[in-house]
Amino acid sequence: MDSLKSTFLSSTINLYPSFSRPKLPPAKPKLHIHSSIHPDPFSLSDGNPSKPKPRSRNPKKPLSDDNARRIIKKKAQYLSVLRRNQGPRAMTPKWIKRTPEQMVKYLEDERNGELYGKHVMAAIKTVRAMGEKKAGEVDVRKVLGSFVMKLSFKEMCVVLKEQKNWKQVRDFFAWMKLQLSYRPSVIVYTIVLRSYGQVGKIKLAEQTFLEMLEAGCEPDEVACGTMLCTYARWGRHKAMLSFYSAVQERGIRLSTAVYNFMLSSLQKKSLHDKVIYLWRQMLDRGVAPNRFTYTVVIYSLVKGGHCEEAFRTFDEMEKCDFVPEEATYSLLISSCTKDGNWSDALRLYDDMRSRGIVPSNYTCASLLTLYYKNEDYSKALSLFTEMERNKIGADEVIYGLLIRIYGKLGLYEDAQRTFEETERLGILSDEKTYLAMAQVHLNSGNAEKALAIIQSMKSREIWFSRFAYIVALQCYVMSEDLDSAEVTFRALAKTGLPDAGSCNDMLRLYLGLNLTERAKKFIVQIRTDQVVFDEELYRTVVSIYCKEGMLKDIEQLTEEMVTNDLYKANKFIQTISRAMFGEYMGHQKFEVNVASNQLDTTALGYLLRLYLECKDFSKTENILKLLLECASSMSVLTQLISKFIEEGDISKAKALDNQVVKPGRCADDVTITYMTGLDGKEQKIKQAHDVFTSVADSSTFGKLIYNSMIDVYVKCSKPEAAYSLYKEAIEKGHDLGAVAISKVVNSLTNFGKHQEAEEMINTSFKDNLILDTVAYNTFIKAMLEAGKLHFATNIYERMLSMGVAPSIHTYNTLVSVYGRGRKLDKAVEMFNMARSSGMALDEKAYMNLIWYYGKAGKTDEASLLFRRMQEEGINPGMISYNIMINIYAGAGLCHEVETLLQTMQRDGLSPDSSTYLSLIQAYTEWMMGEAERVYKELITAGLSPDLACYRTMLRGYLDYGLVEEGINYLEQIRDTAEPDRFIMSAAVHIYKYAGKEQEARSVQDSMKNLGIPFLEKLKVGYKMTSP
């Protein structure tokens, strides 16, 4: 740029050089455009037969394709004149297109030297050939000596323009200036400038531009634009803007393309302020922007923080009928999302869709973020469906947002599948995606899976940010891993001052593990480190101080918090301040902005405990007076009494109760409920009953206390008492709700009181009680256990008629109902109905139907459903494998049994006694040899056969008449098998069948002594005699 320090940049007075310009040749006459009534000058040579073209004395070689080239050139001249006459805003008409044959001939003419002339083509090739030799080996005058006086100025410009190497341009231009036909022209200098600019020879370009000025050629908009584009291309922005200022001082109007080049270059270097400055200059000069200009400028306006102006520019762009690019829409939508202008973002998205523009994954990510922040999850999921329909590839950011949305909706399995899909696609690399999945697991209460995500990050050496340490700490706190939590907290502290939330997590962990002393030390540490407290951390610390009776510490902390302007309007902190200090503390006056009827009851509850711990009964009474002014005082008192009872501090509970009774109040039904519930947990049914009867005549006696006592009876295995109390409550007009009904019916069913359970169900139907899904499920299961399958079906029909939605548990129970009633088609129908309703079928649902398939002898259907379950991603457990082994073995499919055993072992499951029992039960039905082999494997595996296994083996020997084997087996199990009716009865029959009457009588006498009845109907060889 220094080489351009001439009058062009330094002076605006002498616009033209002082020396005289060389005399230019006269301009060519203007091309006249005739009206359409005159003969068309662009017609073919035979277009006007009445006036044929005269023959030339020296006829030229006929051109290709009937003078097509002549027509093309004439048309080009015509359009050029037309554009000049219409001004800069003229729309360029469509060009005349060559046919493929014409194009081939055009290229042949170029190769033959007929495009510019053979001598021009020869000069072009000669100059290009100079580039193959090293510098200094070429004498340009000698090489081009044959072209002296043969090339016109225009032809030399053509040769110069056709060079592809800047060195040839430089050498030929130096030779060109020595020719007689050469005349200084801005055109030739522009060609040289463009060549230098393309390869970054900025110094040479500046020297050439200065030479042009010295030659008397006033630079036009093309030459200046070429220099500006050169600066822009190579990032010389300071020089570019300085040169641009000089151009503007001389009133040279640049084209839109040049402005676009400069704007784009500035934007690439994030010089958005310069872009905005140049844009405003462009508008002031009246240069019309095009679509590209608007796209670049809107981007810089947004990035520069001028969002309102960006939207105004966007509106102007649409008014000029320019269709914005998808990237422009995406940028504006993202800006609206960050600023919270959700309506504008949705309006832009609707406008983009109306134009048929398919959004990119970046736009979709911005919209998903908007829906996520706005908690409009249904639209977020529909957008993802639309992305799949439009085949828009989702990136890791979108998958991460989907994981968060699924987590917010409680769709934890869908979130897990999305995470696994991200990993399968190979795009899982950002810690934010890992942490999103870890937080989903934390929200679902699954700390183990959350920790597995954190461990996966560590194993893949993903860099841990501060937020990653915070999430990892939450995982360890939830899993109560104290050592790992402390290590993680120390690592977090190395990244900066710990946040209040993480400190609160650590305190909750200490409290959960009953490590109060360590919690107190931790509080001292964070206060020494000057951690900034928020309300939640302050609440936790206050609760610890109050529990431990640390009066001075809580006074000091409250003094620090209440003087903070951020908490002057905080209800909790101001309540503690007023209750502890009143309006004055020493000589310092505290501003208390909380009215007496707006006190925080939780804060007063903390202080009540504090003064009870300090045994300051006068202040306890004062705090209690403040508390009793509040509407929800009794719930706070109840919670505090409950905590004392839970901690075993009965004395404080009684002391507080005595304080409450003084003003004439008593504990409400919540306290009574908690106290009876506590007795129920400890199986102290008498104490619970005493508390219940003591308040039977009080005004607070109602539904809550009845439910609590029923719960005590259920937990203490007293279903009749629970049923009796329930009927008493109903007779007194109390509606105990669906939960109480479910508990009582379930308790009656578990203890075989099926008639009472049925009566209770009929009563609830008769009284038209409002029941929920759990209650109906309990009723159906109760009637299933009672064997009243038809009534169970009627309950399901009533459930549907009342508009109560079935759950997966409902369908599982119904499959059992129909399966036990040998209505397998209806069981399958229930299973398919659950599948079609969109419920997530679990392992239990599949195996329930598979079990009934096996009992019906439909092995193929059972096997097919078992494979389908695995295809759905459900891994079978030990019970599922045992069921399938039982089905295969019962059908005599030995090969399938062995294959399934191998598969089970590959999955890390070793056969247990239930597995062997299933095999033995199946094989004793048709093949005792296989049953004996499996029994020996059970013993070899180190497992102990249970009573069911003994019975099964003995029944096989009995049914098949294997008397000797049966006697040997009885001798083996004599010392291990417990006295059992079937085993001892079978032994008597086998001994009698073998003629061993003495042994038979000995066993029979033992049965009489033990009071075990004898089974007379057993028969040896039952299956041998059956056809």
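Residues numbered from 1 in each chain as written. Predicted model: local features only at pLDDT ≥ 70, side-chain atom pairs only at ≥ 80, totals over all residues. Heavy atoms only, no water.

**Overview of the overall build of the chain**
Rules: The way it works is that DSSP assigns letters per residue, a run of H or I at least four long becomes a helix, a run of E at least two long becomes a strand, and they are numbered from the N terminus. Think of it in three bands: with a 1.4 Å probe and only protein chains considered, a residue is buried below 20% of the maximum accessible area for its type, exposed above 50%, and partly exposed in between. Residue-level accessible areas treat just the shown protein chains as cover; the underlying method is Shrake-Rupley with a 1.4 Å probe.
For the chain, the helix and strand inventory stands at 55 helices and 2 strands. Out of the 1027 residues belonging to the chain, those deemed buried represent 45%. Summed over its atoms, the accessible surface of the chain is roughly 55500 Å², and 50% of this surface lies on carbon and sulfur atoms.

**A look at the pattern of salt bridges**
Cut-off, in case you're wondering: Take a side-chain nitrogen of Lys or Arg and a carboxyl oxygen of Asp or Glu: if they are within 4 Å of each other, that pair is a salt bridge.
The final tally for this structure, using the stated rule, is 25 salt bridges. Residue Arg-353 is joined to Glu-386 by a salt bridge in which the shortest nitrogen-to-oxygen separation is 3.5 Å. Pair noted here: Arg-353 is in helix H17 (residues 342–354) and Glu-386 is in helix H19 (residues 377–389), with a separation of 33 residues, a long-range link. Between Glu-613 and Arg-609 there is a salt bridge whose closest N-O contact spans 3.6 Å. A residue pair is termed a helical-turn pair when its members lie 3 or 4 positions apart in one helix, as Glu-613 and Arg-609 do in helix H31 (residues 601–613) at 4 residues.

**Some details on helix H14 (residues 291–303)**
Worth spelling out the cut-off: What a helix is expected to span follows from its residue count: subtract one and scale by 1.5 Å. Any two residues having at least one pair of non-hydrogen atoms within 4.5 Å are treated as being in contact. Counting of polar contacts relies on pairs of N or O atoms within 3.5 Å, with two restrictions inside protein: one atom must be capable of donating a hydrogen and the other of accepting it, and residues adjacent in sequence are counted only when both atoms are side-chain atoms.
Counted at 1.5 Å a residue, the expected span for H14 with its 13 residues is 18 Å, and the 19 Å between its end C-alpha atoms agrees. For H14, every residue scored as buried is listed here: Thr-293, Tyr-294, Thr-295, Val-296, Val-297, Ile-298, Ser-300, Leu-301 and Val-302. Tucked into the core, H14 has its buried residues touching helix H12 (256–268), helix H13 (272–284), helix H15 (307–319) and helix H16 (326–339). With a side-chain oxygen lying 3.2 Å from the backbone nitrogen of Phe-292, the N-terminal cap of H14 falls on Asn-290. Where H14 terminates, the next one or two residues include Gly-305, which has phi positive at roughly 85°.

**Remarks on the environment of Ser-836**
Considering the arrangement of structural elements, one finds Ser-836 in helix H44 (residues 824–836). The exposure class assigned to Ser-836 is exposed, which follows from its relative accessible area of 60%.

**Some words on the packing of H12 against H13**
Applicable threshold: Here an axis means a line fitted to C-alpha atoms, over the contact stretch when the element is a helix, while the angle between two N-to-C directions is reported on a 0 to 180 degree scale. The cut-offs work like this: below 35 degrees is roughly parallel, past 145 is roughly antiparallel, 65 to 115 is roughly perpendicular, and the gaps in between are oblique. Here is the rule for handedness: rotate from the far helix to the near one, and if that takes an anticlockwise turn smaller than a right angle the crossing is left-handed, while a clockwise turn gives right-handed.
Between H12 and H13, whose axes approach to 8 Å, the crossing angle comes to 165°. When the axes of H12 and H13 are compared, the pair comes out roughly antiparallel. Once H12 is placed against H13, the crossing between them reads as left-handed. Only His-272, Lys-274, Val-275, Leu-278, Trp-279 and Met-282 of H13 make contact with H12, whose side of the interface consists of Thr-256, Tyr-259, Met-262, Leu-263, Leu-266 and Gln-267.

**Digging into the packing of helix H41 (residues 773–786) against helix H43 (residues 808–820)**
Our working definition: In this classification, Asp, Glu, Lys and Arg are treated as charged, Ala, Val, Leu, Ile, Met, Phe, Trp, Tyr, Cys and Pro as nonpolar, and every other residue, Gly included, as polar.
Where H41 meets H43, the closest approach of the two axes is 10 Å, and the angle between their N-to-C directions is 20°. For the element pair H41 / H43, the angle class is roughly parallel. For the pair H41 and H43, the crossing hand works out as left-handed. Contact residues: Thr-773, Asn-777, Ile-780, Lys-781, Leu-784 and Glu-785 in H41; His-809, Thr-810, Thr-813, Leu-814, Ser-816, Val-817 and Arg-820 in H43. Considered class by class, the residues forming the contact of H41 with H43 number 4 nonpolar, 6 polar and 3 charged.

**As for unusual backbone geometry**
The general pattern is negative phi for most residues beyond glycine and trans for most peptide bonds. The phi dihedral of Asp-321 falls on the positive side, at around 65°, and the residue is not glycine. Inspection of the secondary structure assignment puts Asp-321 in the loop between H15 and H16. Taking relative accessible area as the criterion, Asp-321 reaches 69% and is therefore assigned exposed. Even without glycine at this site, Asn-768 takes up a positive phi of about 55°. Residue position: Asn-768 is located in the loop between helix H40 (754–766) and H41.

**Description of the packing of aromatic side chains**
For the record, the criterion: Think of it this way: a Phe, Tyr or Trp ring, Trp meaning its six-membered ring, pairs with another when their centres are within 6.5 Å, and the plane angle makes it stacked under 30 degrees, edge-to-face over 60, tilted otherwise.
The final tally for this structure, using the stated rule, is 25 aromatic pairs. Ring geometry for Phe-209 against Phe-243: centres 5.3 Å apart, planes inclined by 75°, an arrangement best described as edge-to-face. Of the two residues, Phe-209 is situated in helix H9 (residues 202–214) and Phe-243 in helix H11 (residues 237–249); the sequence distance between them amounts to 34 residues. The pair Phe-209 / Phe-243 is uniform in exposure class, with both members buried. Ring centres of Tyr-935 and Tyr-969 lie 5.4 Å apart, and the angle between their planes is 70°; this geometry places the pair in the edge-to-face category. Here Tyr-969 lies in helix H52 (residues 963–973) and Tyr-935 lies in helix H50 (residues 928–940), a separation of 34 residues in the sequence. Judged on exposure class, the residue Tyr-935 and its partner Tyr-969 are both buried.

**What about a nonpolar patch on the surface?**
Quick note on the threshold: Patch construction takes residues with relative accessible area above 30% that form no salt bridge. Like charges are linked within 9 Å, and nonpolar side chains (Val, Leu, Ile, Met, Phe, Trp, Tyr) are linked within 5 Å.
Together, Val-148, Met-149 and Leu-180 line one region of the surface with nonpolar side chains, adding up to about 360 Å² of accessible area. Turning to its location among the elements, Met-149 is positioned in the loop between helix H5 (140–143) and helix H6 (153–161). Overall, the relative accessible area of 64% leaves Met-149 in the exposed class.

**As for H52**
Defined as follows: It is the directions from the helix axis to the C-beta atoms whose arc is reported.
Taken residue by residue, H52 has Val-963, Gly-966, Ile-967, Tyr-969, Leu-970 and Ile-973 as its buried positions. Taken end-on, H52 shows its buried residues confined to a sector of 160°, consistent with a single buried face. With respect to the buried face of H52, the exposed residues turned more than 90 degrees away are Glu-964 and Gln-972. On the buried face of H52, the contacting elements are H50, helix H51 (947–959) and helix H53 (981–993).

**Section: the confidence of the model for the chain**
Where we set the bar: Predictor confidence is given residue by residue as pLDDT, running from a minimum of 0 to a maximum of 100.
Per-residue confidence for the chain gives a mean pLDDT of 79, with 81% of residues at or over 70. Counting interchain partners and residues more than four positions distant, the pLDDT-below-50 stretch residues 661–665 has 5 contacts.

**Structural notes on the environment of Phe-419**
Following the sequence through the fold, Phe-419 ends up in helix H21 (residues 412–424). Linking Phe-419 and Leu-402, residues 17 residues apart in sequence, is a C-alpha distance of 9.1 Å. In this structure, Phe-419 is in contact with Ile-403, Leu-428, Thr-433, Tyr-434, Met-437 and Ile-453, ignoring residues within four places of it in sequence.

**Some details on the nonpolar core**
Rule in force here: The term nonpolar core refers to a set of buried residues drawn from Ala, Val, Leu, Ile, Met, Phe, Trp, Tyr and Cys, joined through side-chain atoms within 4.5 Å. Delimitation of the domains relies on an automatic or database domain assignment.
If you look at the biggest cluster of nonpolar residues, it comprises 174 residues, and the most contacted ones within it are Met-176 and Met-262. When we break this core down by domain, the ones giving at least three residues each are domain 1 (323–392) and domain 2 (394–463). Contacts of Met-262, omitting those with residues within four sequence positions, involve Leu-228, Ala-232, Met-240, Tyr-244, Leu-254 and Leu-278. Listed in part, the 112 residues of the second largest apolar core include Val-804, Leu-824, Ile-883 and Ala-889.

**A look at the side chain of Ser-330**
Within the secondary structure, Ser-330 sits in helix H16. Judged by its relative accessible area of 3%, Ser-330 is buried. Within the local environment of Ser-330, its side chain forms a polar contact with the side chain of Thr-363, the two groups lying 3.0 Å apart. In contact with Ser-330, not counting residues within four places along its chain, are Ser-360, Tyr-362 and Thr-363.

**Some details on the side chain of Thr-575**
In this structure, Thr-575 sits in helix H30 (residues 571–581). The exposure class of Thr-575 is buried, given its relative accessible area of 1%. One polar contact links the side chain of Thr-575 to the main-chain carbonyl oxygen of Lys-571, over a distance of 2.6 Å.

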